[in-house]
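Observations on the three-dimensional arrangement
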Amino acid sequence: AASGRALRRAARACGQPPVRGLRASPRSRCAMPSWVIDRYGQNDVLRFTRDMVFPTIYFPTEVIIKVHAASLNPIDLSMRSGYGATALNMKRDPLKIKSIDTEFPLTLGRDVSGVIMECGLNVSYFKPGDEVVWAAIPPWKQGTLSEFVVASGNEVSFKPKSLSHTEAASLPYVGLTAWSALNQVGGLNKNNCSGKRVLILGASGGVGTFAVQLLKAWGAHVTAVCSHDASTLVKKLGADDVIDYKSGNQEEQLKALPLFDFILDNVGGSTEKWALDLLKKWSGATYVTLVTPFLINMDKLGVADGMLQTGVTVGSKTVKHLLKGVHYRWAFFMPSGPSLDEIAELVDSGKIQPVIDEVFSFSEVPKAFQKLEGGHARGKTVIDVISKK
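What comes next concerns the included structure. Since the model is a prediction, treat every value here as computed from it, not as a measurement. (Residues numbered from 1 in each chain as written. Predicted model: local features only at pLDDT ≥ 70, side-chain atom pairs only at ≥ 80, totals over all residues. Heavy atoms only, no water.)

**Observations concerning the pairing of strand β14 (residues 327-330)**
On β14, burial follows the alternation: Tyr328 and Trp330 on one face are buried, whereas His327 and Arg329 on the facing-out side are not. Here strand β13 (residues 286-289) runs beside β14; their pairing, made up of four bridges, is parallel. Bridging from a neighbouring strand, Tyr287 pairs with Tyr328 of β14. (Buried < 20%, exposed > 50% of the residue type's maximum accessible area, 1.4 Å probe, protein only. Helix = DSSP H or I, 4+ residues; strand = E, 2+ residues; numbered from the N terminus. Pairing = 2+ DSSP bridges.)

Okay, here's the thing in structure tokens:
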């Protein structure tokens, strides 16, 4: 399995020509059940329909997946309320197929585990009937709270053999977000992490629980910040030190510890004002935050001015902290089938396990959103899409 994943990574990286030409198969249906929104708002905007347009392959690198399980992430709550409406709406219909300038009806949900149903002509590493695939669909595409979803072949991977569909659906989005922050932006990997002191702010959510396990698999010393009732879970995942942010002043508690080589901030807000002082100065130490104003700026100012404002903000913060001897970075979710290949290997080797808070049936999607909106999650909220309940 590992060698197969390596071959797929090499084929994707080198742009290997397809070894078989698979055309989209004819369909006997043109609509499917989905949970959609027709406007932005709170939970009451969620609507179940059996008449959502069946996804279509428009590019030769795309596949259609029959969804067996999906899961929710905080971005789904934000998108339901209109977060990223300006920028993402422009990307969701790049071919201008719709006659009106709207993204509705919009399907939320980013994670999927399921079965390949159809493949574009240039897809060579999957075939219809492959039953064990998983992916994280980027926010600029229609989501996974549906019977079928379309994805780029490079966003898809074979899921870990050791996981069920519901377990697998809990990992792609948070796993790739953590991977982006730690590896692609932060530069950490299995070869340079041994002995490094890493601090995770917000360690009991989906990204945090994944990051704890990934860093421990790479040999880092991990200090995790969470509430007291999540400390047992975080310790079980491997954290060396756990700080209860509700017990006294977390800033003072952290200052009493040795300085850190790396900080992953899932919280943002006021933590940014003092967290960088916990890093080792002039040693290459890095602070990476997943809380950025990128899409907020574009919603507020428009795409061009929003991108300009974002660039000015991150540039000024980078220079400001570099002069103080530390690196400041922003990180984002990045869809990547090859990265999911690597994550699958870690899962099947027992180094990473899914952390699931609760599983809901497809008919209970509004309840799942309510659960997520209540906060204090201990892992992921998962939707069993093919459940008959």
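After that view of the structure, there is still more to cover.
**Details of the packing of helix α5 (residues 172-185) against helix α12 (residues 337-348)**
For the pair α5 and α12, the least separation of the axes is 10 Å and the interaxial angle reads 105°. Between α5 and α12, the angle is such that the two are roughly perpendicular. In contact with Pro172, Gly175, Leu176 and Trp179 of α5, α12 contributes Ser339, Leu340, Glu342, Ile343 and Leu346. When its residues are assigned to classes, the contact of α5 with α12 shows six nonpolar, two polar and one charged. (Axes fitted to C-alpha atoms, helices over the stretch in contact; angles between N-to-C directions. Parallel < 35°, antiparallel > 145°, perpendicular 65-115°, else oblique. Contact = heavy atoms within 4.5 Å. Nonpolar A, V, L, I, M, F, W, Y, C, P; charged D, E, K, R; others polar.)

**So, the sheet that holds strand β2 (residues 46-53)**
A sheet is described by the order of its strands in space; here three strands give the open sequence β2-β1-β4, paired in antiparallel fashion. Edge positions in the sheet fall to β2 and β4 (106-107), since each of these pairs with one other strand and no more. The pairing of strand β1 (residues 31-37) with β4 spans two bridges and is classified as antiparallel. Its bridge partner being in β4, Val36 is matched across the sheet by Thr107.

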